[in-house]
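Per-entry structural report
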Amino acid sequence: MNINKIKVVLIWILFSFYVLLIYAFLNYINNYFMYFCTTMISICYNLFEKKEEIIMDFIDPIRLYFTNSQYNSILEDANRFQICNKNKPNINRFINILIRNYHSDFECTKLNPIKDYISVVDTVYDQTIQIKLKTMFYDISLESSGEKKNKTISFKPQKDISVLLDNIQSNFITPLNLSFPIYIRMLIDSFFQLPIYKREIYLFKENYSKIQNAIDKQKSISLKAKDNSIFEMKPYLIMEHKEKIYNYVIGKVKNNQNGCYEITTRKLMNITEVSVHFNSESDITFSDTDIKTFHKMIKNGVQFKYGDNEEHIIIQFNQKAYDLFKIRYLNKPMPIKTTQLENNEYLLEFDCSYFQAKTFFYIFAEDIKIISPKVLATEFKNSYLNAASQYNHE
């Protein structure tokens with residue numbers, strides 16, 4: 001009897017132990033399950049909140065087809081304006097920039113007239129005539145080149161461009177029965193009809209607009225260059241140089257060593273960031289001497305800066321040098337006075353910078369003589385002597 005009672009007690013104890021064990025296990029599972037559910041809900045919420053950003057990150061690349069001439073033009077400008085990745089032309093970035101900065105003007109000048117024409121043609125009662133007129137107009141206005149499109153790239157739109165593409169699709173591609181590759185080729189063709197210096201303005205449109213705005217409002221700016229140097233500038237003008245390839249910003253830049261502002265020039269494409277000082281206490285001003293120097297830079301070449309207290313330059317030419325001067329144009333300064341001497345010699349006076357004179361006239365060698373200033377004549381003499389010393393051992 002006692003043994004049976006002991007057995008019952010033991011069984012009850014074991015049963016209770018198993019019940020507690022099962023309860024603990026289920027409680028553990030329940031806590032884990034709740035943690036798992038909470039985590040998944042949080043993830044789903046974050047995905048929902050950021051769905052637009054995530055969708056943007058995974059936009060499918062678009063296949064674009066170009067002719068050899070279109071492709072080579074893109075490569076050339078990407079190299080010229082240093083739109084590169086590891087010293088190689090970055091075509092994807094180039095096209096993103098082009099869409100962002102040029103699409104609006106392109107659509108106004110090229111596509112809107114086509115839409116206007118189509119809307120007029122749609123009023124023609126005879127549908128057969130409608131189709132013929134549209135076909136003729138498309139052949140003339142859209143892609144007229146018969147060159148094969150044998151260059152293919154995989155274009156990845158950046159986030160802001162993907163939004164633009166939706167508008168382009170609804171406003172132009174669909175109404176005009178285009179495709180996105182055709183739209184891009186038309187954009188490219190239109191862009192490369194522009195002069196090089198105007199193409200540079202579109203490729204660096206944001207910085208150009210900020211600097212021009214500062215000039216209009218007479219505000220100073222901070223500029224960051226490609227070498228990460230930062231400097232303050234009082235801009236006077238943005239202008240293409242005489243060969244109409246690159247744009248330069250001329251103005252006065254603060255010398256960080258002495259705090260003074262000096263007349264200088266900066267290439268637009270070498271500027272990476274611009275900050276306009278709208279809250280500056282006073283508007284910028286330039287002296288009469290500054291403005292005279294700026295006008296000389298505009299006349300002779302905005303890419304050449306002037307030193308302090310530079311004098312007019314007088315150079316004597318023989319006939320050979322004078323004939324060469326008349327036909328050579330790159331970086332050419334314009335004379336303010338020309339005097340013909342005896343023995344087929346000429347005396348020309350310039351108001352260009354010493355730097356420009358050295359750049360342009362150095363190759364004239366013994367066919368010219370720097371009459372004044374003496375400091376420039378000495379620089380030419382020393383340069384020729386140093387060059388000649390390279391051959392003394394022969």
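Residues numbered from 1 in each chain as written. Predicted model: local features only at pLDDT ≥ 70, side-chain atom pairs only at ≥ 80, totals over all residues. Heavy atoms only, no water.

**Brief notes about the sheet that holds strand β5 (residues 221–225)**
With antiparallel pairing, five strands are arranged side by side in an open sheet as β8-β7-β6-β5-β9. The open sheet has two free edges, formed respectively by β8 (261–267) and β9 (271–276), since each of these has just one partner strand. Strand after strand, the sheet turns through a mean of 40° between neighbouring axes, direction not considered. Pairing between strand β7 (residues 247–254) and β8: seven bridges, direction antiparallel. Within the sheet, the bridge partner assigned to Tyr248 lies in β8 and is Lys267. (Pairing = 2+ DSSP bridges. Helix = DSSP H or I, 4+ residues; strand = E, 2+ residues; numbered from the N terminus. Axes fitted to C-alpha atoms, helices over the stretch in contact; angles between N-to-C directions.)

**Description of a nonpolar patch on the surface**
Side chains of Leu324, Ile327 and Ile363 sit close together on the surface and give an oily, nonpolar patch of about 280 Å² of accessible area. Here Leu324 is to be found in helix α11 (residues 319–327). (Patch = residues over 30% accessible without salt bridge, like charges linked within 9 Å, V, L, I, M, F, W, Y side chains within 5 Å. Areas by Shrake-Rupley, 256 points an atom, 1.4 Å probe, with all protein chains shown as cover. Salt bridge = Lys/Arg side-chain N within 4 Å of Asp/Glu carboxyl O.)

**Side note on the nonpolar core**
Among the nonpolar cores identified, the biggest contains 86 residues, and Ile99, Ile184, Ile211, Phe317 and Phe361 are the most heavily contacted of them. It is helix α4 (residues 91–121) that contributes the most residues to this core, 11 residues altogether. For Ile99, the residues in contact, after removing those within four places along its chain, are Phe155, Ile161, Leu164, Ile168, Phe180, Ile184 and Leu187. (Core = buried A, V, L, I, M, F, W, Y, C linked by side-chain atoms within 4.5 Å. Buried < 20%, exposed > 50% of the residue type's maximum accessible area, 1.4 Å probe, protein only. Contact = heavy atoms within 4.5 Å.)

**Considering the pairing of β7**
β7 sits mainly inside the fold: seven of its eight residues count as buried. Here seven bridges tie strand β6 (residues 230–240) to β7, and the two strands are oriented antiparallel to one another. Bridge pairing links Glu240 to Asn247 in β7. Turn length for the β6-β7 hairpin, with the two strands adjacent in sequence and antiparallel, is six residues, and the turn residue Lys244 shows positive phi of about 55°. Hairpin remark: β7 followed by β8, antiparallel, with six residues in the connecting loop; positive phi at Gly259, about 80°.

**Here's the deal with the packing of helix α3 (residues 68–80) against helix α7 (residues 180–191)**
At their nearest, the axes of α3 and α7 sit 11 Å apart, and the two run at 60° to each other. Looking at the two axes, α3 sits oblique to α7. By crossing handedness, the relation of α3 to α7 is classed as left-handed. Within the contact between the two elements, α3 uses Gln70, Ile74 and Asp77 and α7 uses Arg185, Ile188, Asp189 and Phe191. Among the residues forming the contact of α3 with α7, the class breakdown is three nonpolar, one polar and three charged. (Parallel < 35°, antiparallel > 145°, perpendicular 65-115°, else oblique. Left-handed = near helix turned anticlockwise from the far one by under 90°. Nonpolar A, V, L, I, M, F, W, Y, C, P; charged D, E, K, R; others polar.)

**Quick word on the pattern of salt bridges**
A complete count under the given rule lists 12 salt bridges for this structure. A salt bridge links Glu273 to Lys224, with the shortest nitrogen-to-oxygen separation between them at 3.9 Å. Within this pair, whereas Glu273 is found in strand β9, its partner Lys224 is found in strand β5, the two being separated by 49 residues in sequence. Looking at Glu273, the relative accessible area reads 45%, which means it is partly exposed. Residue Lys224 is classed as partly exposed on the basis of its relative accessible area of 25%. For the salt bridge of Lys299 with Asp351, the shortest nitrogen-to-oxygen distance reads 2.9 Å. Pair noted here: Lys299 is in helix α10 (residues 288–300) and Asp351 is in the loop between β12 (346–350) and α12 (354–361), with a separation of 52 residues, a long-range link. Owing to a relative accessible area of 9%, Asp351 belongs among the buried residues under this scheme.

**Considerations on the packing of α12 against helix α13 (residues 374–389)**
Interaxial distance between α12 and α13 falls to 11 Å at its minimum, and their mutual angle equals 35°. Once α12 is placed against α13, the crossing between them reads as right-handed. Contacts from Tyr354, Ala357, Lys358 and Phe361 of α12 reach α13 at Val375, Leu376, Glu379, Phe380 and Tyr384. Across the contact of α12 with α13, the residue classes break down as seven nonpolar, no polar and two charged.

**Concerning unusual backbone geometry**
Of the consecutive residues Ser372 and Pro373, the connecting peptide bond is found in the cis state with omega at 0°. On the secondary structure map, Pro373 appears in the loop between β13 (368–372) and α13. Phi is positive for Gln218, which is not a glycine, with a value near 55°. Along the polypeptide, Gln218 turns up in the loop between α9 (205–217) and β5. Given a relative accessible area of 41%, Gln218 falls into the partly exposed group. Positive phi values are uncommon outside glycine, yet Asn331 reaches one of about 65°.

**Some remarks on the packing of aromatic side chains**
Ring pairs (aromatic) are described by centroid distance and by the angle formed between their planes. This structure, assessed with the given rule, holds 29 aromatic pairs. Ring geometry for Phe325 against Phe361: centres 6.1 Å apart, planes inclined by 20°, an arrangement best described as stacked. You can see Phe325 sitting in helix α11 and its partner Phe361 sitting in helix α12, a full 36 residues away along the chain. Residue classification places Phe361 among the buried residues on the basis of a relative accessible area of 0%. Geometry around Tyr246 places Lys267 over its ring, the cationic atom sitting 3.8 Å from the centre. (Phe/Tyr/Trp six-rings, centres within 6.5 Å; stacked < 30°, edge-to-face > 60°. Lys NZ or Arg CZ within 6 Å of the ring centre and 35° of its normal.)

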